[in-house]
Amino acid sequence: RLVMPTYTEQKFEDHIEQHLNLSGYQSLLSTDYDKSLCLIKQQVIDFIQSTQQPELDKLAQQYGNQTQDKLVHRIHNQISSRGLLDVLRKGVKDRGCTFYLTYFQPASGLNPQHQQLYSANQFSLVRQLHYSSKNQNSLDMVLFLNGLPLLTMELKNSITGQNVVNAEKQYRQDRDPKEPLFQFKRCLVHFAVGNEKVSMTTHLQGSNTRFFPFNKDIDNPINPNGHKSSYLWEDILQPDNLLDLIDNFIHQQETTDRVYDDKTQQVKLEKNQVLIFPRYHQLDVIRKIKSAVVNEGVGGNYLIQHTTGSGKSNSIAWLAHLLTHLF
């Protein structure tokens, strides 16, 4: 007779959700999500009302009782054209009013009001998010900041015979990159998550999607207290850490590739936009150097070992950026 596995994928989801709830995430329902605007309208409005009411009143003088609808449509259009990262960093203008959609950690404790605004950020999660108006497909988990989707996750549980490779396959085969939520720059990153390993991509392109490993090592070390991949929700997805990533790490880059053109039979240069989300080892090295500098003072020598293709140019750039505003 068949014995059903006791630790199902749903329990894996439960486990992650509970941890995130304890870290300040509120669980919301898929029905709270607006599929055409790609956001949770009520939460966007709540955040703006609690942090920028005077600016909202100013906008209401022009839009009257249509203010909230006009504003969320404006935010949606701005994310569609500029990308989420730019909107989170610079805010959105409408009829001479400026609205910020997140507040980053103040560099020092000198301004208590800034600290208060930072504490007003609202993190939430939706499990089994039905994202499409064309079908009933759902994503295992989506995390939101002030009502805007930050990242998506597909979870797989090896006890039921599936792992991170199955999650990647699901993104490649079942997640149509034409869907509003999956368009490039609408979300910051998509995570394929198993109990043992994690990988990620910032650009869904169907079967051409390229996933990068997001592990502590080639294999994740044994975790005596739980899943090998638990650093993802216990560390990376913690609100302060995610805001730090958005503020200081994730960035858009233009790359130039040489591509052979069949028609002209010549090699031409092709420009591409790339969204860079740091891999685990890059984040790890920056954090280690930061804590060394803070604890030991300046002027120390450090050796960083890396392999080819591990993204050392970005690590150097992130480190330089960090050191310029460390005080």
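Above this text you will find the structure in question.
Everything in this summary refers to the structure shown in the same document.

Rules and cut-offs
- Residues numbered from 1 in each chain as written.
- Predicted model: local features only at pLDDT ≥ 70, side-chain atom pairs only at ≥ 80, totals over all residues.
- Heavy atoms only, no water.
- Helix = DSSP H or I, 4+ residues; strand = E, 2+ residues; numbered from the N terminus.
- Rg over C-alpha atoms; globule rule 2.2 N^0.38 Å.
- Buried < 20%, exposed > 50% of the residue type's maximum accessible area, 1.4 Å probe, protein only.
- Areas by Shrake-Rupley, 256 points an atom, 1.4 Å probe, with all protein chains shown as cover.
- Lys, Arg positive; Asp, Glu negative; His and termini not counted.
- Charge placed at Lys NZ, Arg CZ, Asp CG, Glu CD.
- Axes fitted to C-alpha atoms, helices over the stretch in contact; angles between N-to-C directions.
- Parallel < 35°, antiparallel > 145°, perpendicular 65-115°, else oblique.
- Left-handed = near helix turned anticlockwise from the far one by under 90°.
- Contact = heavy atoms within 4.5 Å.
- Nonpolar A, V, L, I, M, F, W, Y, C, P; charged D, E, K, R; others polar.
- Pairing = 2+ DSSP bridges.
- Core = buried A, V, L, I, M, F, W, Y, C linked by side-chain atoms within 4.5 Å.
- Disulfide = S-S within 2.5 Å.
- Salt bridge = Lys/Arg side-chain N within 4 Å of Asp/Glu carboxyl O.
- Phe/Tyr/Trp six-rings, centres within 6.5 Å; stacked < 30°, edge-to-face > 60°.

**A look at the overall build of the protein chain**
Thought 1: In terms of helices and strands, the protein chain carries 10 helices and 11 strands.
Thought 2: Since a compact globule built from 327 residues should have a radius of gyration of about 20 Å, the 21 Å found for the protein chain is in line with a globular shape.
Thought 3: Its C-alpha atoms give the protein chain principal-axis dimensions of about 65 × 60 × 60 Å.
Thought 4: Here the protein chain holds 327 residues, and 45% of them are scored as buried.
Thought 5: Carbon and sulfur atoms form 49% of the exposed surface of the protein chain, whose accessible area is close to 17500 Å².
Thought 6: Taken as two groups, the 34 positive and 33 negative side-chain charges of the protein chain have centres that lie 4 Å from each other.

**Topic: the packing of helix α2 (residues 41-63) against helix α3 (residues 67-82)**
How two helices pack is summed up by the angle between their axes together with the distance between the axes.
Thought 1: Two numbers describe how α2 lies on α3: the axes approach to 10 Å, and their chain directions differ by 115 degrees. For the element pair α2 / α3, the angle class is roughly perpendicular. Regarding α2 and α3, the two cross each other, and that crossing is right-handed. Residues K41, V44, I45, I48, Q49, L56, L59, A60 and Y63 of α2 touch α3, and the partners they reach there are T67, Q68, D69, K70, L71, V72 and I75.
Thought 2: Here the residues of the contact of α2 with α3 are counted per class, giving 10 nonpolar, three polar and three charged.

**Some thoughts on the sheet that holds strand β4 (residues 123-130)**
Adjacent strands of a sheet pair through backbone hydrogen bonds, lying either parallel or antiparallel.
Thought 1: As summarised here, the arrangement of the seven strands in space is β1-β4-β5-β6-β7-β8-β9, forming an open sheet in which the pairing is mixed. Two strands in the sheet have a free side with no partner beyond their single neighbour: β1 (25-28) and β9 (212-213).

**As for the nonpolar core**
Thought 1: Grouped together as the largest cluster of nonpolar side chains are 69 residues, with contacts concentrated most on I75, L150, M153, F191, F214, L232 and L237.
Thought 2: With seven residues, the single largest contributor to this core is α2.

**Structural notes on the pairing of strand β5 (residues 138-145)**
Thought 1: Of all eight residues making up β5, eight are buried, and the element is well covered by its neighbours.
Thought 2: Two strands pair when backbone bridges link them, and β4 and β5 are joined in this way by seven bridges, in the antiparallel orientation. Across the sheet, residue R127 finds its bridge partner in β5, namely M141.
Thought 3: Where β5 folds back onto strand β6 (residues 148-155) in an antiparallel hairpin, the turn is made up of two residues, including N146, whose phi is positive at roughly 50 degrees.

**Let's talk about the environment of P239**
Thought 1: Following the sequence through the fold, P239 ends up in helix α8 (residues 239-248).
Thought 2: Each C-alpha atom of the pair P239 and R127 lies 18 Å from the other, and the pair is 112 residues apart in sequence.
Thought 3: Apart from residues lying up to four places away in sequence, P239 is in contact with S23, Y25 and F123.

**Regarding the environment of S291**
Thought 1: Residue placement: S291 occurs in helix α9 (residues 280-296).
Thought 2: Taking relative accessible area as the criterion, S291 reaches 36% and is therefore assigned partly exposed.
Thought 3: Sequence-wise, S291 and S30 are 261 residues apart; in three dimensions their C-alpha atoms are separated by 40 Å.

**Digging into the state of the cysteines**
Thought 1: This model, assessed by the stated rule, comprises zero disulfides.
Thought 2: You can see C187 has no disulfide; the closest cysteine sulfur is in C38, sitting 7.8 Å from it.
Thought 3: Classification of C187 by relative accessible area gives buried; the value is 1%.

**Here we look at the pattern of salt bridges**
Thought 1: Under the defined criterion, the tally for this structure stands at 15 salt bridges.
Thought 2: Between R175 and E154 there is a salt bridge, and its shortest N-O distance comes to 2.7 Å. One end of the pair, R175, is in the loop between α6 (164-174) and β7 (189-193); the other, E154, is in strand β6, with 21 residues separating them in the sequence.
Thought 3: On the basis of relative accessibility, which here comes to 4%, the residue R175 falls in the buried class.

**Some details on the packing of aromatic side chains**
Thought 1: Across all of its chains, the model carries 13 aromatic pairs by this definition.
Thought 2: Ring geometry for Y131 and F182: centres 4.7 Å apart, planes at 65 degrees, overall edge-to-face. Here Y131, found in the loop between β4 and β5, pairs with F182, found in the loop between α6 and β7; they are 51 residues apart in sequence, far enough to count as distant.
Thought 3: Ring geometry for F191 versus F277: centroids 5.8 Å apart, planes at 85 degrees, classification edge-to-face. Here F191, found in strand β7, pairs with F277, found in the loop between β11 (266-276) and α9; they are 86 residues apart in sequence, far enough to count as distant.
Thought 4: In this structure F277 comes out as buried when scored by relative accessible area, which is 5%.

None of the figures reported here should be taken as evidence of function without further support.
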